[in-house]
Amino acid sequence: MSLINRISEISKDPTLRKWFVHKIFNPTDKGMTSKKGTPPYLEVLLLDNDWKNIPVNVMLPQCSPLESLEDASTFNLRLASDHFDICFESFKDENFFSKYSGMIINKPDAEDREAFFRLSFILHSIEKNNGYSNIEKKIVLDWAKTKINTRDSHYSYTIAERISNIGIFLSRSQLLSSLELENKNTLLKKILEDVEHLINNLEYFGEDLTSNHLGNNGRGILWASLILRNDFLLKIGKKILRKEFDRIVQNEGIIREGSSHYQKLICRNYLEACWILSSTNDESKNDFFQMSEKLLKGSSFLTLQGRDPLVGDISPDFSPEWFMGIVNKEVHTGWVSHFDFQLPHSDQQFEGFSKMDDFIRIDEYDFSILVHMNKGGMPNLPGHSHCDSSSPVIVFRGEELLIDLGRKNYKPESNDYITSTFHNMLKIDSQEQEVSPRGIFGKKFRKKVTSGGTVLKSNGKRKIEIKNFRSKGVNVLFEIKLTKDSIALVYELQPFKKNKKTALVELPLYLANENFSVNNSEGEMFKIEEHVRSVRYGQESKCFKYFFQKEVILPTKLSFEISKIGN
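Residues numbered from 1 in each chain as written. Predicted model: local features only at pLDDT ≥ 70, side-chain atom pairs only at ≥ 80, totals over all residues. Heavy atoms only, no water.

Thoughts on the overall build of the chain
Applicable threshold: The helix count covers DSSP runs of H or I at least four residues long, the strand count covers runs of E at least two residues long, and both are numbered beginning at the N terminus. Relative accessible area decides the class of each residue, using a 1.4 Å probe on protein chains only: under 20% of the type maximum gives buried, over 50% gives exposed, and in between gives partly exposed. To measure how exposed things are, a 1.4 Å probe is used in the Shrake-Rupley method; for residues, cover is taken only from the protein chains shown.
What the chain contains, in helices and strands, is 14 helices and 17 strands. In the chain, which comprises 567 residues, the proportion classed as buried is 59%. Counting every atom, the chain has about 24,100 Å² of accessible surface; 47% of that belongs to carbon and sulfur.

Let's talk about the packing of aromatic side chains
The line we're drawing: Classification of ring pairs rests on two measures: the distance between centres of Phe, Tyr or Trp rings, Trp counted by its six-membered ring, which must be within 6.5 Å, and the angle between planes, read as stacked under 30 degrees, edge-to-face over 60 and tilted in between. Whether a charge sits over a ring comes down to the Lys NZ or Arg CZ being within 6 Å of the ring centre and within 35 degrees of the ring normal.
Counted by the stated rule, this structure contains 19 aromatic pairs. Between Phe 396 and Phe 516 the ring centres are 5.2 Å apart and the planes differ by 75 degrees, which places this aromatic pair in the edge-to-face class. Of this pair, Phe 396 sits in strand β6 (residues 391-396) while Phe 516 sits in strand β14 (residues 516-520), and the two are 120 residues apart along the sequence. When its relative accessible area of 2% is taken as the criterion, Phe 516 is described as buried. Taken together, a centroid distance of 5.6 Å and an interplanar angle of 80 degrees make the contact between Phe 526 and Phe 560 edge-to-face. Residue Phe 526 is found in the loop between β14 and β15 (527-533), and its partner Phe 560 is found in strand β17 (residues 556-564); the two are separated by 34 residues along the sequence. Residue Phe 560 is classed as buried on the basis of its relative accessible area of 0%. Joined through ring pairs, the aromatic side chains of Phe 478, Tyr 491, Phe 526, Tyr 546, Phe 548 and Phe 560 make up one cluster. Positioned over the ring face of Tyr 155 is Arg 151, at 5.2 Å from the centre of the ring. Of note, Lys 190 hangs over the ring of Trp 143, and the distance from its end group to the ring centre comes to 4.8 Å.

What to know about the side chain of Arg 361
To keep things clear, this is the line we draw: We call two N or O atoms a polar contact when they sit within 3.5 Å, provided that within protein one can donate a hydrogen and the other can accept it, with sequence-adjacent residues counted only if both atoms are side-chain atoms. By the convention used here, residues are in contact when the closest approach between their heavy atoms is within 4.5 Å.
By the element assignment, Arg 361 lies in strand β4 (residues 359-364). Looking at Arg 361, the relative accessible area reads 5%, which means it is buried. Of the polar contacts made by the side chain of Arg 361, one reaches the backbone oxygen of Thr 303; its length is 3.0 Å. In this view, Arg 361 contacts Ser 300, Phe 301, Leu 302, Thr 303, Leu 304, Phe 350, Gly 352, Phe 353, Ser 354, Ser 368, Ile 369 and Leu 370; residues no more than four positions away in its chain are not counted.

Comments concerning the nonpolar core
Nonpolar side chains in soluble globular proteins generally cluster together in the buried interior. This is how the line gets drawn: Side-chain atoms within 4.5 Å link the members of a nonpolar core, which is a set of buried Ala, Val, Leu, Ile, Met, Phe, Trp, Tyr and Cys residues.
Counting residues in each nonpolar core, the largest one holds 94 residues, and the members touching the most others are Leu 170, Val 195 and Trp 335. No other element matches helix α12 (residues 260-279), which puts eleven residues into this core. With sequence-adjacent residues up to four places away left out, Val 195 is seen in contact with Trp 51, Ile 163, Ile 221, Ala 224, Leu 228 and Leu 233.

Notes on the pattern of salt bridges
We count it as follows: Throughout this description, the term salt bridge denotes a Lys or Arg side-chain nitrogen within 4 Å of a carboxyl oxygen of Asp or Glu.
All told, the structure shown has 19 salt bridges when counted by the stated rule. With a closest N to O distance of 3.4 Å, Glu 161 and Arg 268 form a salt bridge. A residue pair is termed long-range when its members are at least 10 positions apart, and Glu 161 in helix α8 (residues 156-173) and Arg 268 in helix α12 qualify at 107 residues. Residue Glu 161 shares its accessibility class with Arg 268, and that shared class is buried. Across the pair Glu 207 and Arg 247 runs a salt bridge, and its minimum N-O distance is 3.4 Å. One end of the pair, Glu 207, is in the loop between α9 (181-200) and α10 (213-228); the other, Arg 247, is in helix α11 (residues 231-248), and 40 residues separate them in sequence. Taking the relative accessible area as the measure of exposure, Glu 207 reaches 47% and is therefore partly exposed. One connected set of salt bridges, linked through shared partners, spans Glu 161, Arg 219, Arg 268 and Glu 272.

Brief notes about the confidence of the model for the chain
Reading fine detail from the predicted coordinates is not recommended where pLDDT is low. Spelled out, the test is: The pLDDT value expresses, per residue, how confident the predictor is, ranging between 0 and 100.
Confidence in the prediction of the chain, expressed as mean pLDDT, is 81, and 79% of residues score 70 or more. The weakest mean pLDDT in the chain belongs to helix α14 (residues 443-449) at 47; the strongest belongs to α10 at 97. Confidence drops under pLDDT 50 across residues 12-16; counting only partners more than four residues distant or on other chains, this segment forms three contacts. Counting interchain partners and residues more than four positions distant, the pLDDT-below-50 stretch residues 445-451 has 18 contacts.

Focus: the pairing of β17
For clarity, the threshold we go by: Paired strands are those between which DSSP finds at least two bridges.
Note that strand β12 (residues 486-495) and β17 share eight bridges and pair antiparallel. Along β17, the bridge assignment pairs Glu 492 with Lys 557. Both β14 and β17 contribute to a ladder of five bridges, which runs antiparallel. In the sheet register, Phe 516 faces β17, and the bridge partner there is Lys 564.

With respect to helix α13 (residues 285-301)
Three- or four-residue spacings in an α-helix give side chains the same orientation, since the helix completes a turn every 3.6 residues. Condition: Residue count minus one, scaled by 1.5 Å, sets the expected span of a helix.
Relative to the 24 Å expected for 17 residues at 1.5 Å per residue, α13 spans 25 Å between its end C-alpha atoms, a close match to the ideal helical length. Among the residues making up α13, those that are buried are Phe 288, Phe 289, Met 291, Ser 292, Leu 295, Leu 296, Gly 298, Ser 299, Ser 300 and Phe 301.

Details of the side chain of Lys 545
This is how the line gets drawn: In this charge count, Lys and Arg are treated as positive and Asp and Glu as negative; neither His nor the chain ends contribute.
Structurally, the position occupied by Lys 545 is in strand β16 (residues 541-553). No salt bridge is formed by the buried Lys 545, whose closest oppositely charged neighbour, Glu 529, lies at an N-O distance of 4.5 Å.

Some words on the packing of helix α5 (residues 120-129) against α8
The condition that has to hold: Lines fitted to C-alpha atoms define the axes, with helix axes restricted to the stretch in contact, and inter-axis angles between N-to-C directions lie between 0 and 180 degrees. Should the near helix be turned anticlockwise from the far one by less than a right angle, the crossing is left-handed, and should it be turned clockwise, the crossing is right-handed. When residues are grouped by polarity, Ala, Val, Leu, Ile, Met, Phe, Trp, Tyr, Cys and Pro land in nonpolar, Asp, Glu, Lys and Arg in charged, and all others, Gly among them, in polar.
Two numbers describe how α5 lies on α8: the axes approach to 8 Å, and their chain directions differ by 35 degrees. Between α5 and α8 lies a crossing of left-handed hand. Residues Ser 120, Ile 122, Leu 123 and Ile 126 of α5 pack against Asn 165, Ile 168, Phe 169 and Arg 172 of α8. A per-class count over the contact of α5 with α8 returns five nonpolar, two polar and one charged.

Some details on unusual backbone geometry
For the bond running from Leu 554 to Pro 555, omega is -5 degrees, close enough to zero to count as cis. Positionally, Pro 555 belongs in the loop between β16 and β17. In this model, Asp 357 sits at a positive phi of 50 degrees, which is unusual for a non-glycine residue. Within the element layout of this structure, Asp 357 appears in the loop between β3 (352-356) and β4. The exposure class of Asp 357 is buried, given its relative accessible area of 2%.

Here it is, written out as C-alpha cells:
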C-alpha cells in the first residue's frame, strides 16, 4: 500500500488520526501522554496503603426520604441516547447481569454499553415511581455477586458513576441497615474493589490532556468514602475535586469544555460533594459551597428563558431536564428529587449584553442569545466542546429558534455532528473554522492552526472579531442586530493577505421555529431542506436548514435576517 493510501486510511480512523497528528506536530511535548497516571498532588497521599478495610457497621445519612414499593411485575430500563428499553417480565431469578449483559455488549454505541454498567437507570426508576422495589435491590446485589470483566464495566468513568449512583440509592433507601450480614459484606467488598481499581486507574493524562473525567473520578471516590466510612478515601476524593476545579472551571464559573449540559452535570458533582461533606460535618464543606456557587452562576448564565440551549455535547447518562432543578427553584423532578438539603442558588437576572468567560449572552426584546466564543479558537481543555466558535443559539419567547443540532450518538459515523458544518457557522473556502477539540493536540499545534476570537467595541456597538480564518487570508467581524421581531446576523469579511481577492462563503442556519424564515442582504433565497435534529434520548425532532453559498469579492458585508413569516 502506498504512503498516500496509508495516510488516507489513518485519516478515517479517529484514534489513529489523533495519534498521527500528535506524532507530526508534538513529538516532544511535555505533559502529553496517552497513558493514565497519577496527578502530582496525589503522589504523597497515595503512599498510604493501610486503608483497605470493610466497616463493621454502616449507617448512611439519608438524602431524601424514600419508601419501599410493592414488587413490580415489569421494570422499564432506560439506557442512554436511544431510549433503549427492556421490560423484564420476571425477577424470580437474580441473574440480571449474566442474563442481559450480552445483549448490551453488542450495542455499537459505547455510551449505551457503559450506561448499563453505571446503573443510572436505578435513579430514573425510583424517581419515576417515587420509591424502590426489590427489583432495584436485586440488581445492585447481583452486580456485587457477578464477575464481569469487560472494558465497559471497568472503565474508570463508569466505575465512578456506578459508585455514585449506588451511593445515592443506598442513602435514599437506607438499604444497608436492612441487609443480612452476608449480602452487606458482599456489597461493601465489591465497592471497595471498585474504588481500589479506580484509584489505580485515575483518568490523569498529563496537564494538557486531562479533562473533567478526573474530577468525576474524585466524585466516585468521595461517595465510596461515605459508603465505606473511610477517612483515607475522603481525603483523596476531596483533594481531586478541589484541585480539578481550577482545571475544569474558568475564572467566572463557566467550564472550559464548552457544553451547557456538562456545565450542570459538573455543578451536580460539587453539589453532591457539599451534601456528603455537610452530612459528615467536614470542615471543608464551606469551600465546596463556594465552588458550587460559582458553577451555579455559570449554569444560570447558560440557561435561556428556562431552557437549556444544548451547546456542545450532551451527556448520555442523564437528560438536560434531569438537572433543571439546579437552576430553577420551581422544578422538583430529576436530580433535585434525590436530595432534601438547602441548595445554594443563583438568582441572576440578565438584560442587554453580558459576558462570562468564553460565552456572550444577549437578552433584548423577547430574544435570548448565546454565542460560544473560544478565545483560543478551540477549548483549552479536551472534552465535550464542538467546533462552534461564534455559532449563535437563540430562544424566542421560551421557544427554541436557532438551534445547535447536538450530538446524535457516540458511534463513529456521528462524529460529523461536532464539526462546524452542523452548527450555525460561517465557513470560508470550505474550511472548518476550528480543528476538532477531541484530538491529541498540544499547545504548539493549537497556536499554529487557529487563533480564536475576541469581542470588540466599535462606535459603541459590540462586535465579535473572528480570527480563525487567517490561514485562508480572511478576517471576519460578526455582529448581531435585534429588532422586536427579527434578528440580523451581519458578517464583514476583510482580506488578510494582499493577494486574497475572493472567497467562497457558506452559512448553514438551523431553525426549529416554523414561524420564522431567513433571507440574506442581496435578496437571494436560501436553499431550504428539512433536517432531523438529534438531541439524544430519542427526542428526534424536525428543524429546517437554510443554506447560503456564494463566491464573493473581498472586502464585503453580508447580512442574514431571521424574521417572522408575514412581517
